[in-house]
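Understanding the architecture of this molecule
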Amino acid sequence: MTDPAAGVRPPAVARRLPGRAKRRMDVLREYEEFNSDRRRGIPAVLWPFLAPDPDRYYRWRVQLDCACIKELLTPDDRTPPSERQWRGLGEGEALPQGQVYCRHDDSVDAPYRDIIEWGERREVSFPADPVEPPEWAEADVWAVIRHHEAHTSAFWKVTLACGHVEEVVAPTLDWKPDDGPRLAEATRVKQMIEEFEQAWASDPMLQPEAEREHTRRMLAAGWPRPMPERCCHTCPHARAIVAYQHVGWLIPRNEAPKPENPPPARAVLERRLRQAEAEAERLRAQLARHEERRDA
């Protein structure tokens, strides 16, 4: 896992990687199938920018810090994949430079990261929640958190300290980042602390340790809304490129034309000219003798 607390990672190195590259025709077929689906959703005029032809792409093999080896395509053969940005799962947000999404079933739990930047805002409208609780909620808990009527919420994209992007829900539709978080009343916070401590004492497995520490930090801060930190679901699967290997163009480029031979030196040309003149003189002499025999 790529952890921002791990310090500066040494640059990726170019070297031969274990194993072999996929068959070029298999990669080409996969790209053409993917590109065909992508082109259906965009105007043809945008194809060169958003869905280019396969002859534009160069193939690489990369090794990640989890030891996995993947194949990547770039629009040129000069900039290594470790110096580019790649998207998360599917068409997810761009990851920090040199990171690739690589999902592992045994990855660690998503950690909490501080929010360092607020980005775009969007509104989403929801219908009223059903009366019956979902499978994941107890009836008494659902009675408290259930939305009895249709509502609209504002979602903000945020950049976390790890460089990954998540979304948070604003406390109200008119809230803006410049407003700062809204705090709960001191008496309510005190009551919440007592309730959480009682819940943890009665059920030590109620929350994982990291989640419990997050809850304690937020209670100590006055239960701010929105919270200044967010669970990062990308961190457990964001892996750094540690090595890369050139493979070649997805569609091989034509060989460069061989340069023309340089013109011969003057001395060589003069020698060839003398030889040609001597040969011409010999042929003229033969022709003259032939004419003499014919006249005789």
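Now for a description of the structure that goes with this document. Just so it is clear, the structure is predicted and the values come from calculations on it, not from any experiment.

This part is about unusual backbone geometry. For the bond from Arg225 to Pro226, the omega torsion is -5 degrees, close enough to zero to count as cis. With respect to the element layout, Pro226 can be found in the loop between α5 (209-220) and β8 (229-231). Positive phi values are uncommon outside glycine, yet Trp223 reaches one of about 55 degrees. If you trace the backbone, Trp223 turns up in the loop between α5 and β8.

The computed volume of the largest pocket comes to approximately 1,300 Å³. Lining the largest pocket are 29 residues, and of these Phe34, Leu72, Leu73, Trp86 and Glu91 lie nearest its centre. The set of elements that each furnish at least two residues to the lining of the largest pocket consists of α1 (24-39), α2 (47-50), β3 (69-74) and β4 (99-101). Residue composition of the lining of the largest pocket, grouped by class: 15 nonpolar, 4 polar and 10 charged. The set of elements that each furnish at least two residues to the lining of the second largest pocket consists of β5 (112-126), α3 (139-145), β6 (151-160), β7 (165-169) and β8. Counting residues per element, the lining of the second largest pocket draws most heavily on β6, at 4 residues.

With the rule as written, the count across this model stands at 17 salt bridges. When the shortest N-O distance is used, the salt bridge between Asp26 and Arg29 registers 3.2 Å. In this pair, Asp26 and Arg29 both sit in helix α1, 3 residues apart, roughly one turn of the helix. Among the residues examined, Asp26 registers a relative accessible area of 17% and is labelled buried. On the accessibility criterion, Arg29 (40% relative accessible area) is partly exposed. When the shortest N-O distance is used, the salt bridge between Asp76 and Arg84 registers 2.8 Å. Per residue, the accessibility class of Asp76 equals that of Arg84, and both read buried. Ionic contacts of the salt-bridge type, sharing partners, join the residues Arg23, Asp26 and Arg29 into one network.

Calculation rules
- Residues numbered from 1 in each chain as written.
- Predicted model: local features only at pLDDT ≥ 70, side-chain atom pairs only at ≥ 80, totals over all residues.
- Heavy atoms only, no water.
- Helix = DSSP H or I, 4+ residues; strand = E, 2+ residues; numbered from the N terminus.
- 1 Å grid on protein atoms, 1.4 Å probe; cavity = no way out; pocket = protein on both sides within 12 Å on 5 of 7 lines; lining within 4 Å.
- Points joined across faces, edges and corners; volume = space filled by probe spheres on them.
- Nonpolar A, V, L, I, M, F, W, Y, C, P; charged D, E, K, R; others polar.
- Salt bridge = Lys/Arg side-chain N within 4 Å of Asp/Glu carboxyl O.
- Buried < 20%, exposed > 50% of the residue type's maximum accessible area, 1.4 Å probe, protein only.

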